[in-house]
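Structural characterization, general
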Amino acid sequence: MTEQKTPLLQTSSQTVGPFFHYGLIFGEEHILVNEHTLGQRIIITGTVFDGDGEPIPDALVEIWQADVNGYFDHPEDPNHDKADKHFKYFGRSDTVKNGVYSFKTVKPAVATCNNDTQEAPYVCVRVFSRGMLIHAVTRMYFPNEKNNETDVLLNSIDANRKQTLIARLVENNDLPTYHFDIHLQGAEETVFLDL
Amino acid sequence: MADDNNSKLISTLDRSVHPPHLYPAYTSTVKRAPANALMPVAQKISDLTGPTYGEGTIGELDSDLTKNSVVNGEPVGERIIVVGRVLEESGRPVPNALIEIWQANSTGRYIHNRDQHDAPLDPNFRGAGRCLTNSKGEYRFVTIKPGAYPWRNHENAWRPAHIHLSVFGRNFNSRLVTQMYFPGDPLMALDPIYLGLPEKARPLLISSYAHDITEPEWALGYRFDIVLSGSRQTPFE
Ligand SMILES: [Fe+3]
């Protein structure tokens, strides 16, 4: 056991490249629920676009979120023993079909242990692709949430860019479907976070 | 403890060692790099937590790429053993870290259906594997040394030999996708993906030849440690 006096340098990111699929995409990691999972199923889907507005068919999208009651199945959550053991919390999807990713999940509640009654529910999103030396991080918020008015992060963003973080509910499907397009660049560029 | 989570300090990505979004010599970054400054945000419990992996995640052969996709014989090429540790900046090891790797075969060809490089596929080599770090943060893969391959970034562009790695640390903030290079590869000095790194960060992506890992009459050893963002606190503070 060695104690570091000065922190070690982090290992740098490198692009995921165009050929990650057979290393990272297998099983059904875009489906976060099984038949026992608590909560209404929802679809989260969208397209990843480049600066020309062209869909990116070789991106990798990852999500991480609380369960329907706002718990995480992880020791850092003080209430993790209450977390839904039948929910997967993490998902990943490629965008092979015209830049479109898709997840079947549940709508998270605000994380209970943040003790923030003003906070709006959200899903953490990470985007990797060829042409990105480092991934981009954002958060997807839900439309028509009263706490979207009081949420600290949403309120710190200019009104004209705030909409890039709020999904659009599409009603005409079997399951409630939230559309969340991700623009890496351009007039509609998504707000990305320094995380 | 329960109320501490927002004040607990975990480090985010150290932008002085990570590459920028925009590095024009790597031409695909030009239309894929966010133009706006990244927005500073407070860390939440969603950043302190992340996927956890344990027993049952990994099959016995998953970390041996020379065995995990054999059809009718051994894969062709130079057999290598890659070992290393996953650490946080404090030096604290990260146990149960999931590492996934993927790579070209010894001829520089990926099995991926979109790889058009005119080099032979190896029926006995898929080029993908995974493992979990042990309680000391250590991992070990057996594989075939990947070949260099051409790409279309610029005239006569070749990627240096590399293994792609995806790592999940203690929390979702420590998520890392990177590439491991081999010592002495002359193509690194010409590679805009490698050169996109700040200079001080470059040596950390080059594995070192490890004679103590090399097994006589069988395979060469390489060592590649991975340092993730995460707790900056020392383990004994
Ligand atoms: Fe590659």
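Details of the structure are given in the entry above.
1. Things to note about the coordination of the iron ion
Residues and elements named next belong to chain B. The coordination sphere of the iron ion, as far as protein atoms go, consists of Tyr 110 (OH), Tyr 149 (OH), His 162 (NE2) and His 164 (NE2), spread over 1.9 to 2.2 Å. One can describe the site at the iron ion as irregular: its four donor atoms subtend angles covering 90 to 160° at the metal. Mapping the donors of the iron ion onto the primary sequence gives the spacing Y-x38-Y-x12-H-x1-H. Classification of His 162 as buried rests on a relative accessible area of 1%. What makes His 164 buried here is its relative accessible area of 3%.

2. Overview of the sheet that holds strand β2 (residues 98-103) of chain B
Residues and elements named next belong to chain B. Overall, antiparallel pairing links the four strands, which are arranged β3-β2-β7-β8 in an open sheet. Edge positions in the open sheet fall to β3 (128-132) and β8 (176-181), since each of these has one partner strand only. Within the sheet, the average angular offset between the axes of one strand and its neighbour, ignoring direction, is 25°. Note that β2 and strand β7 (residues 162-168) share six bridges and pair antiparallel. By the bridge assignment, Ile 101 is partnered in β7 with Leu 165.

3. Quick look at the side chain of Gln 10 of chain A
Relative to the assigned elements, Gln 10 of chain A resides in the segment before α1 (21-24). Side-chain polar atoms of Gln 10 of chain A contact the backbone oxygen of Thr 12 of chain B, separated by 3.2 Å. Only 2.9 Å separates the side chain of Gln 10 of chain A from the side chain of His 18 of chain B, close enough to count as a polar contact. With residues up to four places along the chain from it excluded, the contact list for Gln 10 of chain A reads Ser 11, Thr 12, Leu 13, Asp 14, Val 17, His 18, Glu 89, Leu 204, Val 227, Leu 228 and Ser 229 of chain B.

4. Comments concerning the interface of chain B and chain A
Where the parts come together, the accessible area they lose is often given as the size of the interface. On the chain A side, the residues contacting the 89 residues of chain B number 68 residues. Carbon and sulfur atoms make up 58% of the area that chain B and chain A hide from each other, which totals about 7,100 Å². One can count eight salt bridges joining chain B with chain A. Asp 52 of chain A is the partner of Lys 31 of chain B in a salt bridge, and the nearest nitrogen-oxygen pair spans 3.1 Å. Here chain B is connected to chain A by 41 residue pairs in polar contact (both at pLDDT 80 or more). Elements represented by at least two residues in the side of chain B that touches chain A include exactly α1 (45-48), β1 (79-88), β2, β3, β7, β8, α2 (192-195) and β11 (226-228) of chain B.

5. Examining unusual backbone geometry
All names here are of chain A. Positive phi, normally seen in glycine, also occurs at Tyr 89, with a value near 65°. By the element assignment, Tyr 89 lies in the loop between β2 (59-64) and β3 (90-94). Residue classification places Tyr 89 among the buried residues on the basis of a relative accessible area of 3%.

6. Digging into the nonpolar core
Membership of the largest hydrophobic core comes to 57 residues, with the highest contact counts inside it found for Val 48, Val 125, Met 140 and Ile 182 of chain A. For this core, the secondary structure elements donating two or more residues are β1 (41-49), β2, β4 (100-106), β5 (122-129), β6 (136-141) and α2 (152-155) of chain A together with α1 of chain B. When residues in this core are grouped by element, the largest group, five residues, is from β5 of chain A. When near neighbours in sequence (up to four residues on either side) are disregarded, Val 125 of chain A contacts Val 61, Glu 62, Ile 63, Ala 136, Val 137, Thr 138, Met 140, Phe 180 and Ile 182 of chain A. The next biggest cluster of nonpolar side chains, apart from the first, holds 34 residues, and it includes Ile 99, Phe 125, Ile 163 and Met 180 of chain B.

7. Quick notes on the pairing of β8 of chain B
Residues and elements named next belong to chain B. Among the six residues that make up β8, six are buried, leaving the element largely enclosed by the rest of the structure. Note that β7 and β8 share six bridges and pair antiparallel. Its bridge partner lying in β8, Val 167 is registered against Leu 176.

8. Side note on the packing of aromatic side chains
Counted according to the given criterion, the structure contains 17 aromatic pairs over all chains. Relative to Tyr 89 of chain A, the ring of Phe 87 of chain A lies with its centre 4.8 Å away and its plane at 65°, an arrangement referred to as edge-to-face. Like Phe 87 of chain A, the residue Tyr 89 of chain A is buried in the burial classification. When the centroid spacing of 5.2 Å and the interplanar angle of 75° are considered together, the rings of Tyr 110 of chain B and Tyr 149 of chain B count as edge-to-face. Placement of Tyr 110 of chain B in the loop between β2 and β3 and of Tyr 149 of chain B in strand β5 (residues 149-151) is noted, with a sequence separation of 39 residues between them. Owing to a relative accessible area of 8%, Tyr 149 of chain B belongs among the buried residues under this scheme. Counting every residue linked through ring pairs, the aromatic cluster contains Trp 64, Phe 72, Phe 87, Tyr 89 and Phe 90 of chain A together with Tyr 53, Phe 168 and Phe 172 of chain B. Above the ring of Phe 172 of chain B, the side-chain terminus of Arg 126 of chain A is found at 4.6 Å from the ring centroid. The positively charged end of Lys 145 of chain B is found above the aromatic ring belonging to Phe 182 of chain B, 5.0 Å away from the centroid.

Parameters at a glance
- Residues numbered from 1 in each chain as written.
- Chains lettered and ligands numbered in written order.
- Predicted model: local features only at pLDDT ≥ 70, side-chain atom pairs only at ≥ 80, totals over all residues.
- Heavy atoms only, no water.
- Donors = N, O, S within 2.8 Å, 3.2 Å for Na, K, Ca; no water.
- Tetrahedral: all angles 85-135°; square planar, octahedral: opposite > 155°, others 65-115°.
- Buried < 20%, exposed > 50% of the residue type's maximum accessible area, 1.4 Å probe, protein only.
- Pairing = 2+ DSSP bridges.
- Helix = DSSP H or I, 4+ residues; strand = E, 2+ residues; numbered from the N terminus.
- Axes fitted to C-alpha atoms, helices over the stretch in contact; angles between N-to-C directions.
- Polar contact = N/O pair within 3.5 Å; in protein donor to acceptor, adjacent residues only side chain to side chain.
- Contact = heavy atoms within 4.5 Å.
- Buried area = accessible area lost by both parts, 1.4 Å probe.
- Salt bridge = Lys/Arg side-chain N within 4 Å of Asp/Glu carboxyl O.
- Core = buried A, V, L, I, M, F, W, Y, C linked by side-chain atoms within 4.5 Å.
- Phe/Tyr/Trp six-rings, centres within 6.5 Å; stacked < 30°, edge-to-face > 60°.
- Lys NZ or Arg CZ within 6 Å of the ring centre and 35° of its normal.

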